[in-house]
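# Observations on the three-dimensional arrangement
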Amino acid sequence: MEEVSVKAYAKINLTLDITGRREDGYHLLRSIMQQISVFDTVELKKADKISLELIADGGSGCSHEVVPADGRNIAWKAAELILKEAGISSGVEIILHKNIPAAAGLAGGSTDAAAVLKGINKLYGLGYDADKLCALGVRLGADVPFCIKGGTAMAEGIGDKLGILPAPDKAEILLFKLPMEVSTKEVYQAYDALEVTQREDKSGRLEELLKNGSAGPAAVASCLMNVLAEVTEVQHPVIKDIRTDMLEQGAVGALMSGSGPSVFGIFTDGNKAQEALENMKKSYPDAFGTVCSFVNGGEE
Ligand code: ATP
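Let us look at the structure shown here. (Residues numbered from 1 in each chain as written. Predicted model: local features only at pLDDT ≥ 70, side-chain atom pairs only at ≥ 80, totals over all residues. Heavy atoms only, no water.)

### Let's talk about the pattern of salt bridges
Under the definition given, this model contains 14 salt bridges. With a closest N to O distance of 3.1 Å, Asp192 and Arg21 form a salt bridge. Taken as a pair, Asp192 in helix α5 (residues 184–193) and Arg21 in strand β1 (residues 3–21) lie far apart in primary sequence, 171 residues in all. The exposure class of Asp192 is partly exposed, given its relative accessible area of 33%. With its nearest N and O atoms 2.8 Å apart, the salt bridge here joins Glu156 to Arg30. Placement of Glu156 in strand β5 (residues 152–156) and of Arg30 in strand β2 (residues 27–47) is noted, with a sequence separation of 126 residues between them. For Arg30, a relative accessible area of 18% gives the class buried. (Salt bridge = Lys/Arg side-chain N within 4 Å of Asp/Glu carboxyl O. Helix = DSSP H or I, 4+ residues; strand = E, 2+ residues; numbered from the N terminus. Buried < 20%, exposed > 50% of the residue type's maximum accessible area, 1.4 Å probe, protein only.)

Okay, structure coming up:
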């Protein structure tokens, strides 16, 4: 095999709770993660050395200023890591078609890294199983193992301990991201300064619904929660405005993803989701927005 093309799907957090902190400062999570049908495409070709071409023209707001096209790119780092692990001295040409907005709480970098690990595994016929790829992936980032396994999962630990779950029922997802920067570090710092209060284990409730096959859009919507939204929405009230807009326009639930600033809304009607997108684009013409769906595990 001389070349492969891999779809790298974005993720959203249907739930995101913080349960503690490790001694090294990493936060411990409890989160139901879900892949969505917004994706980068990673093309890989055998080559003498590693190179990376970044193609970012899909309106995602990704530019070379935000996403580096050299050895700092996590896709490049993934290639270095797996080639070294396999003892391969040649390289790979990476062509990265970037559609996922960067620094948005959508695991854009992690999913590219996962796609490179999976793609090089195929390209060079390494025969690594998913667990081996995850063990390599976690060295690049806590979300990489989820992006390798894909679909729907309960993520615990730093996000790397995964319990694979059945997908929710079909729904229309409106994804919207304003062209603004949110510092993940600052969000976590602000969260740490808050007094931790008792809260319902919505991750556990959603896990049960998914296992029972009763995770329709309204049921999923009733479980949405993100503890980081509490701080991000105070720092950036426009995120709450977006969420409220979605609910007023027919979403059965809406939530910020990860540390933001992306917001997703769950709709049962595709036309309504599309209409809401068009209305919101009038208010925020520079934003990235799209209607997408949940992705099942193993979809290529
Ligand atoms: P997460 O949801 O895992 O916290 P995120 O979606 O918030 O991630 P990314 O899109 O992964 O954030 O981008 C974080 C930073 O990583 C960017 O500011 C960018 O400089 C850097 N980066 C390196 N490689 C990539 C890549 N392939 N795609 C996107 N960003 C990358």
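Next, the rest of the story.
### Quick look at helix α2 (residues 108–123)
With 16 residues, α2 should reach 22 Å at 1.5 Å per residue; the first-to-last C-alpha distance of 22 Å fits that figure. By the criterion of burial, α2 is predominantly enclosed, with 13 of the 16 residues buried. (Expected span 1.5 Å × (residues − 1).)

### Section: the site of the ligand
Taken together, 20 residues form the shell around the ligand, and within it Val66, Asn73, Ala107, Gly109 and Asp143 come nearest. Contact between the ligand and Asn73: a nitrogen atom at 2.9 Å from a side-chain N or O atom of the residue. Taking Asp143, its side chain carries an N or O atom lying 2.7 Å from an oxygen atom of the ligand. Within the complex, 75% of the 610 Å² of free accessible area of the ligand lies under protein. If one sorts the elements of the shell around the ligand by residue count, α2 sits on top with four residues. (Near = heavy atom within 4 Å. Polar contact = N/O pair within 3.5 Å; in protein donor to acceptor, adjacent residues only side chain to side chain. Areas by Shrake-Rupley, 256 points an atom, 1.4 Å probe, with all protein chains shown as cover.)

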